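Chain and residue survey
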Amino acid sequence: KAISGIFPAGLYTHTLSERLNAALRSPLVPKNKKFVSLLLMGGKLGARRTVLDNCMLGEDYKILDKDTLSWVKIPNRDDQPDLPFYLELATKADNTRIPDRPGHTKATPEQLAAPQSYFGIARAVIHDIDESPRDELHQAAQLFSGNAPASLEQLADRYADIATSAITAWEQNRATATDAAWLSWLIENKLLSTAANASPKLRTAIDEYRAIESQIATPRVIQGLADLDPGYNFPVLIGGDAARPGKLTPRGFLSLINPDNKVSAFGSGRLEVADMIANSANPLTARVMVNRIWQHLFGRGIVTTADNLGVYGERPSHPELLDHLATNFMAKGWSIKSLIRDIVLSQTFQQSSNTASQSTSLDPLNTLLSQYPVHRMEAESIRDTLLAVSGRLDRTLYGPSIQPRRDEPSDYRKLHQGPLDGDGRRSIYIKVTRHEGSRFLDTFDFPNPNIARGNRDLSNVPPQALALLNDPFVLDQAAVWAAKLIEQETPSAEARIDLMFRTALGRFPNDAERTRFTSLTKELASLHKVEPEKLLASQPVWKDLAHAIFNLKELIYVR
């Protein structure tokens, strides 16, 4: 087709191309009306959605599948009288439910992969009567203007005059809603041709348009927040139960920090509350941030209860230091990089981890930081370390999340199977879901994504040792490292052992370690029946040796 249709005035995402994405959201729907009717069209997984209480992941949506405008009646949410809702139209890329669970939308893989999607809306009506608005017949008035036709020929001439007038108005870019209605009727009844091959000139123009259209990038959507409506207060939910709303609570910040505690009537008040939180007159935010960064660098914070710097939390071990760092943090524009630079260049951070007998007796928990505290790395750092040591780590920045490796993938629950090594991507790119995360990361105390955790558990339990011994990911990375070592063609086993220590631990082995690992190499060669002259090219031997180094405590502890 040269054109898909001619429609009355409205909002249409495919006016220029079906490859352009969009979302249109209504204001909050008034509770005193029973229905909302929309004059809609759409296709290729364009959808209409009902969003209750700003729940963007709600399943109340319908796929649009009509290329002509028709009325859709949507009842008010009487089942939730206390919760606000709004309506949304969205192209495929802007619908947070797509791709949905298998079977929910019945979308084919080809539809999901295609870049096209569209919707259009001409009217919206709020009403109480249980039927959609009826189409207006303004276009028919032209048939009845003037004297009644005396014959079928005169009637045909009147139709021809109206059609000619509508086509001329459209050509001159002055078509009215009446003209659009006539043109649409003529096309639907095949009285006007929309064939792309109507003329060579038209065909050439369409081919050029398609070539340009194909260069439009696939939509990339980033979720965000915007204040678009008047703010409203919300009831306190008794015991956290949504079915037991209490009295309405005014929007605002903690009154102990901001006694004025007022936000403007328009919008949610989030921006004003954010200004109250990140304010030099509010020392709590800077203290919390500084304490979190200190915790990441030292393994524990100046205040060990990172989620609670209040009355019921632990006292800071160095209160003056905490205030000094918080003051400097704010003075330097809340720069995290500047704060980290100040801390890592300090004498405290650069101390050795070696324990002195006197400090052990005076400060057994090293609360006063007489030496750098030894602590195990976080789960993500352990996984990234194995990838980095093996040479498999992909240092590319940005990109989509990678599904973790799963024991029991479930398409219905959107728990898809990912590659064993995550395509070498850093752990920050491993997709986190509430249902099932990465088993390897969970073993090393990856936090439950359902709750906020300022302090991570840093346990040392048998399943962690078993994971380093038996997990398929660890074994796979040992094999990858072995293959890369063999490619490097070192002159001797001792030289290769030195290289492995330097790569994994950042140091050379001492004499005892070199002797022990050299002996292990010979034992492994005997076990795998490898002749001495073929030792350096043996994948099984060097895989086992790489696996042994992966199991050194020094690899996963910060000293």
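Located above this text is the structure these notes cover.
A brief structural summary. Computed from a predicted model, the values in this text were never measured in an experiment.

Here we come to the overall build of the protein chain. Of regular secondary structure, the protein chain possesses 17 helices and 12 strands. A compact globule built from 559 residues would reach a C-alpha radius of gyration of about 24 Å, whereas the protein chain, at 34 Å, exceeds it by more than 25%. Principal-axis analysis of the C-alpha atoms places the extent of the protein chain at approximately 115 × 70 × 40 Å. For the protein chain, the residues scored as buried account for 33% of the 559 residues in total. Accessible surface, the protein chain: about 33500 Å² in total, of which carbon and sulfur atoms supply 55%.

Let's shift gears to the sheet that holds strand S1 (residues 11-12). Spatial strand order, S1-S8-S3-S6: four strands in an open sheet with antiparallel pairing. Both edges of this open sheet fall to S1 and strand S6 (66-75), since each of them pairs with a single strand only.

Take the packing of aromatic side chains next. By the definition in use, this model includes 13 aromatic pairs. Both rings, one in Phe349 and one in Tyr372, keep their centres 5.5 Å apart while their planes meet at 80 degrees; by these two values the pair is edge-to-face. A residue pair is termed long-range when its members are at least 10 positions apart, and Phe349 in the loop between helix H8 (336-344) and helix H9 (357-362) and Tyr372 in the loop between H9 and strand S11 (375-376) qualify at 23 residues. Since its relative accessible area comes to 5%, Tyr372 is described here as buried. Positioned over the ring face of Phe35 is Lys73, at 5.1 Å from the centre of the ring.

Looking now at the environment of Gln539. Within the secondary structure, Gln539 is located in helix H16 (residues 539-550). For the pair Gln539 and Ile428, spaced 111 residues apart in sequence, the C-alpha separation works out to 31 Å.

Another aspect to go through is the packing of helix H6 (residues 283-298) against H8. Contact pair H6 / H8: the axes reach a minimum separation of 11 Å and the direction vectors enclose 50 degrees. On the basis of the axis angle, H6 is oblique to H8. Of the two possible hands of crossing, H6 and H8 adopt the one that is right-handed. Along the contact surface, H6 presents Met289, Val290, Ile293, Trp294, Leu297 and Phe298, while H8 presents Ile336, Leu339, Ile340, Ile343 and Val344. Looking at the contact of H6 with H8 residue by residue, the class counts come to 11 nonpolar, no polar and no charged.

We now examine unusual backbone geometry. Following Ile98, the chain continues into Pro99 via a peptide bond in cis, with omega recorded as 0 degrees. Here Pro99 shows up in the loop between strand S7 (85-90) and helix H1 (109-113). Here the phi dihedral of Asn54 falls at roughly 60 degrees; this positive angle occurs in a residue that is not glycine. Here Asn54 lies in the loop between strand S4 (47-52) and strand S5 (61-63). Positive phi outside glycine occurs at Leu369, with the angle close to 60 degrees. Locating Leu369 in the fold gives a position in the loop between H9 and S11.

Criteria and cut-off values
- Residues numbered from 1 in each chain as written.
- Predicted model: local features only at pLDDT ≥ 70, side-chain atom pairs only at ≥ 80, totals over all residues.
- Heavy atoms only, no water.
- Helix = DSSP H or I, 4+ residues; strand = E, 2+ residues; numbered from the N terminus.
- Rg over C-alpha atoms; globule rule 2.2 N^0.38 Å.
- Buried < 20%, exposed > 50% of the residue type's maximum accessible area, 1.4 Å probe, protein only.
- Areas by Shrake-Rupley, 256 points an atom, 1.4 Å probe, with all protein chains shown as cover.
- Pairing = 2+ DSSP bridges.
- Phe/Tyr/Trp six-rings, centres within 6.5 Å; stacked < 30°, edge-to-face > 60°.
- Lys NZ or Arg CZ within 6 Å of the ring centre and 35° of its normal.
- Axes fitted to C-alpha atoms, helices over the stretch in contact; angles between N-to-C directions.
- Parallel < 35°, antiparallel > 145°, perpendicular 65-115°, else oblique.
- Left-handed = near helix turned anticlockwise from the far one by under 90°.
- Contact = heavy atoms within 4.5 Å.
- Nonpolar A, V, L, I, M, F, W, Y, C, P; charged D, E, K, R; others polar.

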